[in-house]
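# Coordinates in review
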Amino acid sequence: QLQLQESGPGLVKPSETLSLTCTVSGGSISTSSYYWGWIRQPPGKGLEWIGSIYYDGSTYFNPSLKRRVTISTDTSENQFSLKLSSVTAADTAVYYCARDLIGYCSGSTCHSFDYWGQGTLVTVSS
Amino acid sequence: DIQMTQSPSSLSASVGDRVTITCRASQSINRYLNWYQQKPGKAPKLLIYAASSLQSGVPSRFSGSGSGTDFTLTISSLHPEDFATYYCQHSYNTPWTFGQGTKVEIK
């Protein structure tokens, strides 16, 4: 059974960089059928996709965050990571990592998040 | 960005009721539409992908339909464990975006 687990600091100071790692067990991130993604959810609010990465390093990012986001993989550790720079209180959220499944819809590729980590709350505060 | 609008934002229903949630995209997204269920303090769970395909392990009382801009999630007979918030999400182009959610509460 595939499992994902987020780890990283729960408190980050304004203007600093948020860093999270997602450890994947029960399957390899070096698989052609999947991207690996980050999604966040501010307290009491909806979901926002941050970005996704393929094992070869190819990435998709949400343009609203692209300037501040880095996503990378460590295939030797079966992990992928998120860095979000210059954080403000607006970046306070539960951050989820998820498997981004590449499917085929109407003859073209489509994506869905089929396995999720439990989420980790990151608070931006001094 | 493609905007996803769900209606209603919340609803009250009883066990056994048929429930329908609507998701409308700001432009055509073909059938690139997923539905998730989220319970308090938990991660979302994929229910439906590609508008109408049931994710493995999801009960058959859940179904999805639609294409283009208008989509529906139907729960044919509400079970106690179905009280949760439901989100739609498109993957037509980046950025993937989610609807604002529909909270299904106990009447």
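Right above here is the structure, for reference.
Residue indices follow the written sequence of each chain, beginning from 1 at its first position. Whichever chain is written first is A, and whichever ligand is written first is 1; the rest continue in order. Totals for whole chains, interfaces and linings use all residues, but because this is a predicted model, local features are given only for residues with pLDDT of at least 70 and pairs of side-chain atoms are given and counted only at 80 or more. Hydrogens and water molecules were not included; the side-chain quantities draw on all heavy atoms of the structure.

### What to know about the environment of Asp 1 of chain B
Residue and element names in this part refer to chain B. Put simply, the test is: Put simply, DSSP H or I for four residues or longer makes a helix, DSSP E for two residues or longer makes a strand, and each gets a number counted from the N terminus. Only protein chains enter the accessibility calculation, which uses a 1.4 Å probe; a residue is then buried when its area is under 20% of its type maximum, exposed when over 50%, and partly exposed in between. Any pair of residues with heavy atoms lying within 4.5 Å of one another is described as a contacting pair.
Looking at where Asp 1 falls in the secondary structure, it is placed in the segment before β1 (4–7). Overall, the relative accessible area of 65% leaves Asp 1 in the exposed class. Taking the C-alpha atoms as reference points, Asp 1 and Pro 95, 94 residues apart in sequence, are found 6.5 Å from one another. Apart from residues lying up to four places away in sequence, Asp 1 is in contact with Ser 26 and Pro 95.

### Notes on the pattern of salt bridges
Side chains that differ in charge, positive against negative, can pair when their charged atoms come close. Residues and elements named next belong to chain A. Using the following cut-off: Every case where a carboxyl oxygen of Asp or Glu lies within 4 Å of a side-chain nitrogen of Lys or Arg is listed as a salt bridge.
Under the definition given, this model contains eight salt bridges over all chains. Where Asp 91 meets Arg 40, a salt bridge forms, and the shortest distance between an N and an O atom there is 2.8 Å. Here the residue Asp 91 occupies a position in the loop between β8 (79–84) and β9 (93–105), and Arg 40 occupies one in strand β4 (residues 34–41), the gap between them amounting to 51 residues. Classification of Asp 91 as buried rests on a relative accessible area of 2%. The class for Arg 40 is buried, based on a relative accessible area of 7%. A single network of salt bridges, built from pairs that share partners, joins Arg 40, Glu 48, Arg 68 and Asp 91.

### Some details on the sheet that holds strand β3 (residues 18–25) of chain A
Residue and element names in this part refer to chain A. Operational definition: Should DSSP find at least two bridges between two strands, the strands are taken to pair. For helices, the fitted line uses only the C-alpha atoms of the stretch in contact; every axis is such a line through C-alpha atoms, and the angle between N-to-C directions lies from 0 to 180 degrees.
A sheet is described by the order of its strands in space; here four strands give the open sequence β1-β3-β8-β7, paired in antiparallel fashion. Each having just a single partner strand, β1 (3–7) and β7 (69–74) make up the two edges of the open sheet. In this sheet, adjacent strand axes meet at a mean angle of 20° when their direction is disregarded. Looking at chain direction, β7 and β8 are connected through six bridges and run antiparallel. Within β8, the residue paired with Thr 70 across the bridge is Lys 83.

### Considerations on the interface of chain A and chain B
The following threshold applies: Accessible area that two parts lose when put together, with a 1.4 Å probe and added across both, is what the buried area reports.
Residue-level contacts link 24 residues of chain A with 20 residues of chain B. Taking both partners together, chain A and chain B bury about 1,800 Å²; carbon and sulfur atoms supply 63% of that area. Considering only the surface of chain A that becomes buried against chain B, Leu 47, Trp 49 and His 111 of chain A emerge as the three largest contributors, covering 29% of it. On inspection of chain A and its partner chain B, the count reaches zero salt bridges. Among the elements of the structure, β4, β5 (48–53), β9 and β10 (108–116) of chain A are those that each provide at least two residues to the side of chain A that touches chain B. It is β10 of chain A that contributes the most residues to the side of chain A that touches chain B, eight residues altogether.

### Side note on the environment of Ser 76 of chain B
Residues and elements named next belong to chain B. Residue placement: Ser 76 occurs in the loop between β8 (70–75) and β9 (85–90). For Ser 76, a relative accessible area of 35% puts it in the partly exposed group. Among residues more than four places away in sequence, those in contact with Ser 76 are Gly 16, Asp 17, Arg 18 and Arg 61.

### Section: the pairing of strand β5 (residues 45–49) of chain B
Walk down a regular strand and you will see the side chains alternate between the two sheet faces. Residues and elements named next belong to chain B. Note: strand β4 (residues 33–38) against β5, three bridges, orientation antiparallel. When the sheet's bridge partners are listed, Gln 37 is paired in β5 with Lys 45. Here β4 folds back onto β5, and the loop between the two strands holds six residues, one of which, Gly 41, carries a positive phi near 75°. Here two bridges tie β5 to strand β6 (residues 53–54), and the two strands are oriented antiparallel to one another. By the bridge assignment, Tyr 49 is partnered in β6 with Ser 53. Connecting β5 to the antiparallel partner β6 that follows it, the hairpin turn spans three residues, and Ala 50 within it adopts a positive phi of roughly 50°.

### Digging into the sheet that holds β6 of chain B
All names here are of chain B. Strand order in the open sheet formed by six strands is β2-β10-β9-β4-β5-β6, and the pairing between neighbours is mixed. With partners counted over all chains shown, the strands left at the sheet margins are β2 (10–13) and β6, one partner each. Direction of pairing for β2 relative to strand β10 (residues 102–106): parallel, over a ladder of four bridges. Considered in β10, the bridge of Ser 12 is made with Glu 105.

### Some points on the state of the cysteines
Rules: Any cysteine sulfur atom paired with another within 2.5 Å is treated as part of a disulfide.
Applying the stated criterion to the full structure yields three disulfides over all chains. Disulfide pairing is shown between Cys 22 of chain A and Cys 97 of chain A; the S-S distance is 2.1 Å. Measuring handedness by torsion sign, the sulfur bridge of Cys 22 of chain A and Cys 97 of chain A sits at about 60° and is right-handed. Here Cys 97 of chain A lies in strand β9 and Cys 22 of chain A lies in strand β3, a separation of 75 residues in the sequence. As far as burial versus exposure is concerned, Cys 22 of chain A and Cys 97 of chain A are alike and both buried. With its sulfur 2.1 Å from that of its partner, Cys 23 of chain B forms a disulfide with Cys 88 of chain B.

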